[in-house]
Amino acid sequence: MLSVLAYSLPVAMAGMAALYWLQRRRGDAGVVDVGWAGGIGLVAVAAAYSGDGWEPRRLLLGLMGAAWSFRLTAYLVIDRIVRAKEEDGRYQMLRAQWGAKAQGHFFYLFQAQALLVVLFGLPFVSVAAKAHVGWTAWDIAGVLVWTVAVVGERIADHQQANVRSPAANPRRTSDPGRGGY
């Protein structure tokens, strides 16, 4: 299973380097969020595919990791790339603070996200290697936590969209110029 991690890091680094260059071209570092969300799902699927644990658990693990990743990645692509009129306030703030050194710092930020993709992939690797045959209470608890988390993320995305919508919320309190919605 260490081979999954061994090839995940260079793949994640290459992907983040490509997104870094896209960021330079667009002047929008929000694509980094798309990269880490998609990268974690890819590590989950790779771990499920190459693991030597019980096959039904690995299949469920891969499906859950891919579903979570696909949902979040799709949301971020739409939110940060398709609909965004300007760069996320967090990255605008960093760009302003870093000044002339911003691009160098952004490169390291993107590469740090590649490392986080691999670190966040460790639980998937661990579960995919679990040799125990049959479902355990931990498996059931994991599925329940995953379900609550994914439903909660979807609800939060919907609430955030409502806050951002001037038609739905004309008296909003968030300040986009300060990193808010």
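It should be noted that the structure appears before, not after, this text.
Structural notes, computed from the coordinates. (Residues numbered from 1 in each chain as written. Predicted model: local features only at pLDDT ≥ 70, side-chain atom pairs only at ≥ 80, totals over all residues. Heavy atoms only, no water.)

Description of the overall build of the protein chain
Our working rule: What counts as a helix is a DSSP run of H or I of at least four residues, what counts as a strand is a run of E of at least two, and both are numbered from the N terminus. We call a residue buried when its accessible area falls under 20% of the maximum for its residue type, exposed when it is over 50%, and partly exposed in between, using a 1.4 Å probe and counting protein chains only. What makes two residues a contact is simply this: any of their non-hydrogen atoms within 4.5 Å.
When you go through the protein chain residue by residue, the secondary structure sums to six helices and zero strands. Along the protein chain, helices (α) and strands (β) appear in the sequence α-α-α-α-α-α when read from the amino end. Taken along its principal axes, the extent of the C-alpha atoms in the protein chain is 55 × 40 × 20 Å. By residue count, 37% of the 181 residues in the protein chain fall in the buried class. Nonlocal contacts in the protein chain, meaning residues at least 24 apart in sequence, comprise 77% of its contacts between residues at least 6 apart.

Quick word on the nonpolar core
Defined as follows: Remark: nonpolar core denotes a set of buried residues (Ala, Val, Leu, Ile, Met, Phe, Trp, Tyr, Cys) joined through side-chain atoms within 4.5 Å.
Met16, Ala47, Tyr91, Phe106, Phe110 and Phe124 are the most contacted members of the largest nonpolar core, which has 32 residues in total. Those elements that place two or more of their residues in this core are helix H1 (2-26), helix H2 (31-50), helix H3 (55-82), helix H4 (89-98) and helix H5 (102-128). Other than its neighbours up to four places away in sequence, Met16 contacts Val32, Gly35, Trp36, Phe110, Gln111, Gln113 and Ala114.

Some details on the packing of aromatic side chains
Quick note on the threshold: Ring pairs shown here join Phe, Tyr and Trp side chains whose ring centres sit within 6.5 Å, with only the six-membered ring taken for Trp; geometry is labelled stacked below 30 degrees between planes, edge-to-face above 60, and tilted in between.
If you walk through the whole model with that rule in mind, you get six aromatic pairs. Geometrically, the ring pair formed by Trp54 and Trp135 is edge-to-face, given 4.8 Å between the ring centres and 70° between the ring planes. Of the two residues, Trp54 sits in the loop between H2 and H3 while Trp135 sits in the loop between H5 and helix H6 (137-164), which places them 81 residues apart along the sequence. Relative to Phe106, the ring of Trp98 has its centre 5.1 Å away and its plane inclined at 75°; by these criteria the two rings are edge-to-face. Clustering of aromatic rings is evident, with ring pairs tying together Tyr20, Trp21, Phe107, Tyr108 and Phe110.

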